[in-house]
Amino acid sequence: MTEPILKLEGLKKHFESTSGGIFNKKKGTVKAVDGIDLEILPGETVGLVGESGCGKTTAGRTVLKLYEPTEGKIIFQGQDITKLSRRQMKPLRAQMQMIFQDPFASLNPRQTVGTLIGATFDIQGIKPLGGVKQEVERLMERVGLNPEHVNRYPHEFSGGQRQRIGVARAIALKPKLIVADEPVSALDVSIQAQVVNLLDDLQEEFGLAYLFVAHDLSVVQHISDRVVVMYLGKVMEQADKKDLFLSPRHPYTKALLSAVPVPDPIKGRSRERIILSGDLPSPMNPPAGCVFNTRCWKVQDKCRVEVPALLQIAPNHRLACHFPEPAA
Amino acid sequence: MKPFLEVKNLSVSFPTQDGLVKASNDISFSVARGETLAVVGESGSGKSVTTLAVMGLHNRNAANISGQAILNLETGPVDTISANPEVVRKLRGKSMAMIFQDPMSALHPYYSIGDQIAEAWGLYNEGSKADGLKRAVEMLDLVGIPGASKRVKEFPHQFSGGMRQRVMIAMALVNNPSLLIADEPTTALDVTVQSQILKLLKDMQEEFNMAVILITHDLGVVAEVADRACVMYAGKIVEQSAIDDIYYMPDHPYTIGLLNSIPRVDQLEGKRLQAIPGQPPSLISLPRGCSFRSRCTYSELVPNNKCATDVPNLDEKISGHFSRCHLTEAQLVKARSSAGGQA
């Protein structure tokens, strides 16, 4: 069996919420990520989906140790990196990169594209063959940018092009793992497909593994091999793509899938839709028992008391529910 | 019966330092009561600019507006483009209303939502403030806000995104308008909340027999709620038809391209997406001929380089189905099937 590139064991990230002011009293804990177990194999894409506030972005950042994990283990290429200091992390950063959601905020407006992409080499002290400039131009060409634009500033590019700059920067050091946080959600649909295809191609070319964090289930479905569904910091269900999309077992997964609009009017009209009532509860004060119980249509007394454990129900299929849907 | 809103040859452009921005060009469409028209397009395609002109919300000093937007009211037709701004102001909120993408910036943070809804009601109704608040509670109940009588005193920041959008809808509908323009009403919301709001809009449309214009970029949302759709590109309508034709018989290469470029949650084969190459043209220097030509895969099929020289007309190729393209119907049929698309 292939060694996983990334392994998470019970990963947790909690934020202390304080009142501010002179006493800075502790108000509570936001359990943004409350236990993820996950393995990502080389060349594989794992989608991490959920609605706003479910902890998917925090999870992605904690994996790269941009946040210090509260509990659990992060094992990268067989090495436990959970406790590593910033300095110890630095050489590893060449192997693990991130693509951000907002191509406007994630690029320094005062630096040229050449500087932005070239900085990765300087930081790691790597001298690419043929010099930084040539390598930057090669990278720009690879992601579909005109290398002649190397001296332009981010504002001279469209949203899609900027996201390509972000991608070029992420692949510059030939990483093994890229955490992509909503990389296409700020883009128009016709441009979105261009970037999704680029990510697909790069994965094939470099054998990259992606942790693809997104709220758009259509995109996640397209790009992922496996999918993790989160709700209020907890993993509800995780499975191979086919299993999850064809036979969702968790009521939340089922509702989420049924809520995604399909660009097919006839199918849309005949589709059974589960409309969840209410909103996401506050993550500061999550419900007791199963966190989904306030919106679940199958809720029973047990759900309000007992937290369902995330159990293996089939190979590669884990589920946290007391009363799951029957397998399709 | 006449449709409630008839837009005829509407164009909006903005003079800027860099040149004239032709944001929307020669737009014509109509919507009847009880009907939902979707206006679909990507950012900068002119969908919001067009509907803001209908509402009379452009600064007339900053925008050049020509054409007509006729509301067929019971008292007779009114053209909101040429009418006195005061007349149009008195139609807003009463005959036509609008809801926006971001309800947080559309609601006033300092006033309770009850006060804001009561104010909208008070503009067109005789009654005390207490009557207005009573009406606000009724409306909040109608749009499904639990504990309406209590929550009417709360402020926008105390509501979640989905609940705020419900408040916006309650406010827009308080005077029973005949036309509702919804500009990306669910774009900022999570999918499970989106389906709540779309259902609410549908229910409200039935309740009030409204004409609804839904502006969106999401082809999934359009398929679920619209009766007809206009597809816009670079300030022009490139295709307009009944909803099923848009999806199963798209008649413009841009529409065909859009449908093939979106991943679908109901298709698991993992086919490669067919992206539309390039990006939309600048609205300041639109190319000669067809605006979509540089991104179109089929333009070489048209003889004499016509796509580069002649702007195609919005022709009615089949009854009720308009498309702005030089390709013949036979060529389009081929384009549809070779794209491996929906047809």
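Rules of the game
- Residues numbered from 1 in each chain as written.
- Chains lettered and ligands numbered in written order.
- Predicted model: local features only at pLDDT ≥ 70, side-chain atom pairs only at ≥ 80, totals over all residues.
- Helix = DSSP H or I, 4+ residues; strand = E, 2+ residues; numbered from the N terminus.
- Rg over C-alpha atoms; globule rule 2.2 N^0.38 Å.
- Buried ≥ 20, exposed ≤ 12 C-beta atoms within 10 Å, placed from the backbone.
- Contact = placed C-beta atoms within 7 Å.
- Nonpolar A, V, L, I, M, F, W, Y, C, P; charged D, E, K, R; others polar.
- Pairing = 2+ DSSP bridges.
- Axes fitted to C-alpha atoms, helices over the stretch in contact; angles between N-to-C directions.
- Parallel < 35°, antiparallel > 145°, perpendicular 65-115°, else oblique.
- Left-handed = near helix turned anticlockwise from the far one by under 90°.
- Arc of directions from axis to C-beta.
- Core = buried A, V, L, I, M, F, W, Y, C linked by C-beta atoms within 7 Å.
- Domains from an automatic or database assignment.
- Expected span 1.5 Å × (residues − 1).

Trainee: Help me understand the overall build of chain A in this model?
Mentor: Looking only at helices and strands, chain A has 11 helices and 12 strands in total. Here chain A has a C-alpha radius of gyration of 21 Å; the compact-globule value for 328 residues is 20 Å, and the two agree. Going through the 328 residues of chain A one by one, you find that 46% of them count as buried. The long-range share in chain A, meaning contacts at least 24 apart out of those at least 6 apart in sequence, stands at 64%.

Trainee: Would you explain the environment of T70 of chain A in this entry?
Mentor: Residues and elements named next belong to chain A. By secondary structure assignment, the location of T70 is in the loop between helix 1 (56-63) and strand 4 (71-76). For T70, a count of 17 C-beta atoms within 10 Å corresponds to the partly exposed category. Sequence separation between T70 and L257 is 187 residues, and the spatial gap between their C-alpha atoms is 31 Å. Setting aside residues up to four positions removed in sequence, T70 forms contacts with K12, K13 and H14.

Trainee: Teacher, can you tell me more about the interface of chain B and chain A here?
Mentor: When the parts of a complex come together, some accessible area is lost, and that lost area is often used as the size of the interface. On the chain A side, the residues contacting the 39 residues of chain B number 38 residues. For the side of chain B that touches chain A, the secondary-structure elements that each account for two or more residues are helix 7 (161-173), helix 8 (191-208), helix 9 (219-225), helix 10 (243-248) and helix 11 (253-261) of chain B. Broken down by element, the side of chain B that touches chain A gets its largest block of residues, seven residues, from helix 8 of chain B. Residue composition of the side of chain B that touches chain A, by class: 17 nonpolar, 13 polar and nine charged.

Trainee: What exactly am I supposed to notice about the pairing of strand 9 (residues 226-231) of chain A here?
Mentor: Looking along a regular strand, one sees side chains alternate from face to face of the sheet. Residue and element names in this part refer to chain A. Within strand 9, six of the six residues are buried, leaving the element largely enclosed by the surrounding structure. Taking every second residue as pointing to the same face, both faces of strand 9 are buried, with R226, V228 and M230 on one and V227, V229 and Y231 on the other. Sheet analysis places strand 3 (residues 45-49) next to strand 9, joined by four bridges and oriented parallel. Its bridge partner lying in strand 9, G47 is registered against V227.

Trainee: Quick question: what am I supposed to make of the sheet that holds strand 12 (residues 321-323) of chain B here?
Mentor: Backbone hydrogen bonds hold the strands of a sheet together, and the pairing may be parallel or antiparallel. Residues and elements named next belong to chain B. Across the sheet, which stays open at both edges, the eight strands sit in the order 6-7-8-3-9-10-12-11 with mixed pairing between neighbours. Lying at the two open borders of the sheet, with one neighbouring strand each, are strand 6 (96-99) and strand 11 (315-318). With direction set aside, neighbouring strand axes in the sheet form an average angle of 20°. Against the sheet, helix 7 engages strand 6 and strand 7 (179-183), with an angle of about 170° to strand 6.

Trainee: How do you make sense of the packing of helix 4 (residues 113-122) of chain B against helix 5 (residues 129-142) of chain B when you look at a structure like this?
Mentor: Helix-helix packing: each pair is described by the crossing angle between the helix axes and the interaxial distance. All names here are of chain B. Direction vectors running N to C along helix 4 and helix 5 enclose 110°, while the axes themselves pass 8 Å from each other. With respect to helix 5, the element helix 4 is oriented roughly perpendicular. The element helix 4 and its partner helix 5 pack so that their crossing is right-handed. Along its contact with helix 4, which presents G114, I117, A118, W121 and G122, the element helix 5 presents K129, G132, L133, R135, A136 and M139. Taken together, the residues of the contact of helix 4 with helix 5 break down into six nonpolar, three polar and two charged.

Trainee: Before we go on, may I ask you to explain the sheet that holds strand 1 (residues 6-18) of chain A in this structure?
Mentor: All names here are of chain A. Spatial strand order, 2-1-4-5: four strands in an open sheet with antiparallel pairing. Where the open sheet ends on each side, the last strands, each with one partner, are strand 2 (26-40) and strand 5 (79-80). In this structure, strand 1 lies alongside strand 2, joined through 11 bridges in antiparallel fashion. Note on strand 2: the bridge partner recorded for K7 is E39.

Trainee: Got a minute to help me understand the environment of L217 of chain A in this structure?
Mentor: Looking at the element boundaries, L217 of chain A is found in helix 7 (residues 217-223). With 24 C-beta atoms counted inside 10 Å, the residue L217 of chain A sits in the buried group. It is 17 Å that separates the C-alpha atoms of L217 of chain A and G60 of chain A, two residues lying 157 residues apart in sequence. Setting aside chain neighbours within four positions, we find L217 of chain A in contact with V49, L256, L257 and V260 of chain A together with V265 of chain B.

Trainee: In this structure, what is going on with helix 13 (residues 329-338) of chain B? I would like to understand it.
Mentor: Side chains three or four residues apart in an α-helix point the same way, a direct result of the helix having 3.6 residues per turn. All names here are of chain B. Taken residue by residue, helix 13 has L332, A335 and R336 as its buried positions. All buried residues of helix 13 fall inside an arc of 100° around its axis, so they share one side. Facing away from the buried side of helix 13 by over 90 degrees, the exposed positions are A330, S337 and S338. For helix 13, the elements touching its buried residues are helix 11.

Trainee: In this structure, what is going on with the nonpolar core? I would like to understand it.
Mentor: If you look at the biggest cluster of nonpolar residues, it comprises 98 residues, and the most contacted ones within it are I117, A170 and V231 of chain B. With eight residues, helix 7 of chain B is the single largest residue contributor to this core. Shared between two domains, this core takes at least three residues from each, and those domains are domain 1 (5-232) and domain 2 (234-338) of chain B. With near-sequence residues (within four places) excluded, A170 of chain B lies in contact with I117, M139, L140, L142 and V143 of chain B. Among the nonpolar cores identified, the runner-up in size contains 90 residues, and L107, I223 and C303 of chain A together with A275 of chain B belong to it.

Trainee: I tried to follow helix 8 of chain B on my own but got confused; where do I start?
Mentor: Here helix 8 of chain B is 18 residues long and its end C-alpha atoms lie 26 Å apart, about the 26 Å a rise of 1.5 Å per residue gives. Burial in helix 8 of chain B covers these residues: V191, T192, V193, Q194, S195, Q196, I197, L198 and L201 of chain B. Next to the buried residues of helix 8 of chain B lie helix 9 (251-259) of chain A together with helix 7, strand 7, strand 8 (211-216) and helix 9 of chain B. N209 of chain B lies just past helix 8 of chain B and shows a positive phi near 50°.

Trainee: How should the domain arrangement of chain B be read in this particular structure?
Mentor: Residue and element names in this part refer to chain B. Here the domain parsing of chain B yields domain 1 (5-232) and domain 2 (234-338). Its C-alpha centre places domain 1 at a distance of 29 Å from the equivalent point of domain 2. Taken residue by residue, the interface counts 24 residues in domain 1 and 22 residues in domain 2. Contributions of two or more residues to the side of domain 1 that touches domain 2 are made by strand 2 (19-31), helix 9 and strand 9 (228-233). The leading source of residues in the side of domain 1 that touches domain 2 is strand 2, at 10 residues. For the side of domain 1 that touches domain 2, the class distribution of residues is 12 nonpolar, six polar and six charged.

Trainee: Can you walk me through the packing of helix 3 (residues 113-124) of chain A against helix 5 (residues 159-171) of chain A in this structure?
Mentor: Residues and elements named next belong to chain A. Interaxial distance between helix 3 and helix 5 falls to 8 Å at its minimum, and their mutual angle equals 25°. Looking at the two axes, helix 3 sits roughly parallel to helix 5. As for the relative orientation of helix 3 and helix 5, their crossing is right-handed in sense. For the pair helix 3 and helix 5, the contacting residues are V113, L116, I117 and T120 in the first and I165, A168 and R169 in the second. Grouping the amino acids of the contact of helix 3 with helix 5 by side-chain chemistry returns five nonpolar, one polar and one charged.

Trainee: In this structure, what is going on with unusual backbone geometry? I would like to understand it.
Mentor: Trans peptide bonds make up most of the peptide bonds, and negative phi angles are found at most residues other than glycine. Residue and element names in this part refer to chain B. Phi at D26 is positive, roughly 55°, even though this residue is not glycine. Structurally, D26 is set in strand 2. We note that N304 has phi near 60°; this positive angle belongs to a residue other than glycine. Positionally, N304 belongs in the loop between helix 11 and helix 12 (306-309).

Trainee: Please clarify how the pairing of strand 10 (residues 236-242) of chain B should be interpreted in this entry.
Mentor: Residues and elements named next belong to chain B. Strand 10 sits mainly inside the fold: six of its seven residues count as buried. Note that strand 9 and strand 10 share six bridges and pair antiparallel. By the bridge assignment, C230 is partnered in strand 10 with Q240. Counted between consecutive antiparallel strands, the loop separating strand 9 from strand 10 contains two residues, among which A234 sits at a positive phi close to 50°. Bridge analysis of strand 10 against strand 12 gives two bridges, and the strand direction is antiparallel. The residue bridging E239 from the neighbouring strand is S323, located in strand 12.

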